[in-house]
Amino acid sequence: MKEKSNYCLNCKVKPCSTKGCPLGNPIPQFIEQIKQGNTEKAYEILADTTVLQGICGRICPHKKQCQGSCVRGIKGEPVSIGELEAYAFDSVYDEDDSLLKCYEDEMKKNKSNLKVAVVGGGPTGLTASAFLARKGIQVTIYEKYDYLGGLLVHGIPEFRLSREVVQKTVDKILALGIQVKYNQELGKNLLLSDLEKEYDAVFLSIGANRSSQMGVEGEELEGVIGGNELLEHKLHPNYEGKTVAIVGGGNVAMDCARTIKRLGAKQVKVIYRRAREQMPAEDKEVEEAMKEGIEFLFQNNIVKIIGKDKVEKVELIKTELVQKENDTRLVPVNIENSNYEIDVDYIIMALGSKVEPYVKELGLETNQWGNIKINEEYQTSRPKIYAGGDLAGVKSTVAWAAYSGREAAKNIAKI
Ligand code: SF4
C-alpha cells in the first residue's frame, strides 16, 4: 500500500475529493497519513466525513467518482483511492471503539437533550445515526429485520461485499451508544404518529425496495421476478439447466445475473436497450459478469413476454441510438421489423426501484414517482419528520445515500 499511497500527488485542488467524491472525503489528507504509516490516523481523518470507509472503499463506483476525477488518471492510471480507503478501515477492523475514539470529545462537548428516531438501518440510516450521535444526540434505530445494514446485506451479494465488513462497520457505529429496536416496520407494527410523539425528530431512511415494472404484455406471468425482491428475500427457484433473462443495465442487474449464474443457471442473458458504454453498472462488474460467461444483448428492447401460464419466450426488438434535441443521453429507438424471439425460463426485472406502497399512507407529501418530498434541510411536509436516501429519491449509490444521511443529521442537530 505504501507504493499505492506514494503515487498520490497530494494536489492542492484535489478534484478527487471536491468533484469526484459525493461525500467530499478528505482524500489526499488520508492518503498522506498512509504514506507516513499512520493508518489509524487515516481512518480518523476519513471519519470526519464518512462512517462507511470499509464499505465505500470496496463497492463505490470509483471509476465514476473519486478515481474518475484523479489528476493521475489524465495520463495514466488514477490513484487506487478505493483500495486505500478500505485499507485505512482494515487497520482498525477489530476495534469496535475506533469510531467512538474519533467522536468522543465532540460527543461530550455537544451533549444534547434531543432524542431522535431513525427508521431504517441501511447506509443512509446508519450514517445519519452516527452523525447525530456525534452531536451528542440520543439515537434509536427502528429496523424491520433482526440485523442492520439494509441493502448492504440483502441487496449486494456476498461475493461483492462480505457480511463481516458490514458487521464491523455496524459494531463501530453502535459503539457510539445508539440503541436499536429490531423487527419494527412502518406499515406493520410501527406507527409514525407514535414516533412523532415520543421523539424530537424522526428520520426516515427505509429505502426504495420494490422493483419497477416495464408495463409490457406478459409481465404478470409466473417466472417474471423483480430483481430487488429476488436479492432481498432470496426466493430463488431452481435454475439448474434453465435460461434466465435479466432486464436492465445497472448494478442490480449485474448482481442478479452473477448470483443466478452461481446458482447453476445454464444461460444468463442480460437484455439492455442501450449500448455497453451507456450501462449505469460499474465497468468492473460488467467485465466480471462477462468473464463468468454471462451473455449481453445490447441494444435490445422487450416487446412482450410469451407463455401460457409461465414464461416460455420473450419477444425482443433491436434498437438504434439516436441523439435527440434537449437530451444529453442517446435515446434508444426500436428498429422496425427487427423483432425476434428467444426461449427463456425466467425473467428478472432489474430496471430500477420504487418505494413500498405503504409510503403513500404515511400522510407525507410525495412526488410523482412516490418518493417523499423533502426541502433543502431534508425536512418532509411534517416539520418533525425528515427523510433521506432512496426513499426521498436521492441518487441510488451508497455514497450518495450516506451523504443524505449525514447532511440530514446536521440539519436535525440544529433544531
Ligand atoms: Fe491524489 Fe489523485 Fe486526489 Fe491528486 S487527484 S490528490 S493525485 S488522489
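Everything discussed here concerns the structure shown above.
Residues numbered from 1 in each chain as written. Predicted model: local features only at pLDDT ≥ 70, side-chain atom pairs only at ≥ 80, totals over all residues. Heavy atoms only, no water.

Peer 1: Where do I start with the pattern of salt bridges in this structure?
Peer 2: Oppositely charged side chains are able to pair whenever their charged atoms sit close together. Inspection of the entire model under this criterion finds 27 salt bridges. Note that Arg-382 and Glu-196 form a salt bridge whose closest N and O atoms lie 2.8 Å from each other. Pair noted here: Arg-382 is in the loop between strand 15 (353–354) and strand 16 (385–387) and Glu-196 is in helix 11 (residues 192–198), with a separation of 186 residues, a long-range link. (Salt bridge = Lys/Arg side-chain N within 4 Å of Asp/Glu carboxyl O. Helix = DSSP H or I, 4+ residues; strand = E, 2+ residues; numbered from the N terminus.)

Peer 1: I would appreciate a short explanation of the sheet that holds strand 3 (residues 179–181) in the present structure.
Peer 2: Hydrogen bonds between backbone groups are what pair the strands of a sheet, and the pairing can be parallel or antiparallel. Spatially, the 5 strands line up as an open sheet ordered 3-2-1-4-16, and their pairing is parallel. Every interior strand has two partners, whereas the edge strands, strand 3 and strand 16, have only one. The average angle at which neighbouring strand axes cross in this sheet is 20 degrees, direction not considered. Relative to strand 2 (residues 138–142), strand 1 (residues 115–119) is paired through 5 bridges, and the arrangement is parallel. Each residue of the ladder has a partner; that of Val-116, found in strand 2, is Val-139. Lying over the sheet, helix 15 (residues 398–413) contacts strand 1, strand 4 (201–204) and strand 16, oriented at roughly 170 degrees with respect to strand 4. (Pairing = 2+ DSSP bridges. Axes fitted to C-alpha atoms, helices over the stretch in contact; angles between N-to-C directions. Contact = heavy atoms within 4.5 Å.)

Peer 1: Looking at this structure, how should I read helix 8 (residues 123–134)?
Peer 2: Quick reminder: α-helices carry 3.6 residues per turn. Residues three or four places apart thus point the same way. Here helix 8 contains 12 residues, and its C-alpha end-to-end distance of 17 Å stays within 8% of the 16 Å for a straight helix at 1.5 Å per residue. Among the 12 residues of helix 8, 12 are classified as buried, and the element is accordingly described as predominantly covered. All of the buried residues along helix 8 are Pro-123, Thr-124, Gly-125, Leu-126, Thr-127, Ala-128, Ser-129, Ala-130, Phe-131, Leu-132, Ala-133 and Arg-134. Of the residues trailing helix 8, Gly-136 is marked for its positive phi of about 80 degrees. (Expected span 1.5 Å × (residues − 1). Buried < 20%, exposed > 50% of the residue type's maximum accessible area, 1.4 Å probe, protein only.)

Peer 1: Which parts of the structure should I look at to understand the nonpolar core?
Peer 2: Core analysis: the biggest nonpolar cluster contains 65 residues, and Phe-30, Ile-55, Leu-99 and Tyr-103 have the highest contact counts within it. Each of domain 1 (2–90) and domain 2 (98–208 + 355–412) contributes no fewer than three residues to this core. Discounting chain neighbours no more than four positions away, the residues touching Leu-99 are Tyr-43, Ala-47, Val-51, Ala-130, Lys-172, Ile-173 and Leu-176. Counting residues in each nonpolar core, the second largest holds 24 residues, with Ile-246, Val-270, Ala-281 and Ile-348 among its members. (Core = buried A, V, L, I, M, F, W, Y, C linked by side-chain atoms within 4.5 Å. Domains from an automatic or database assignment.)

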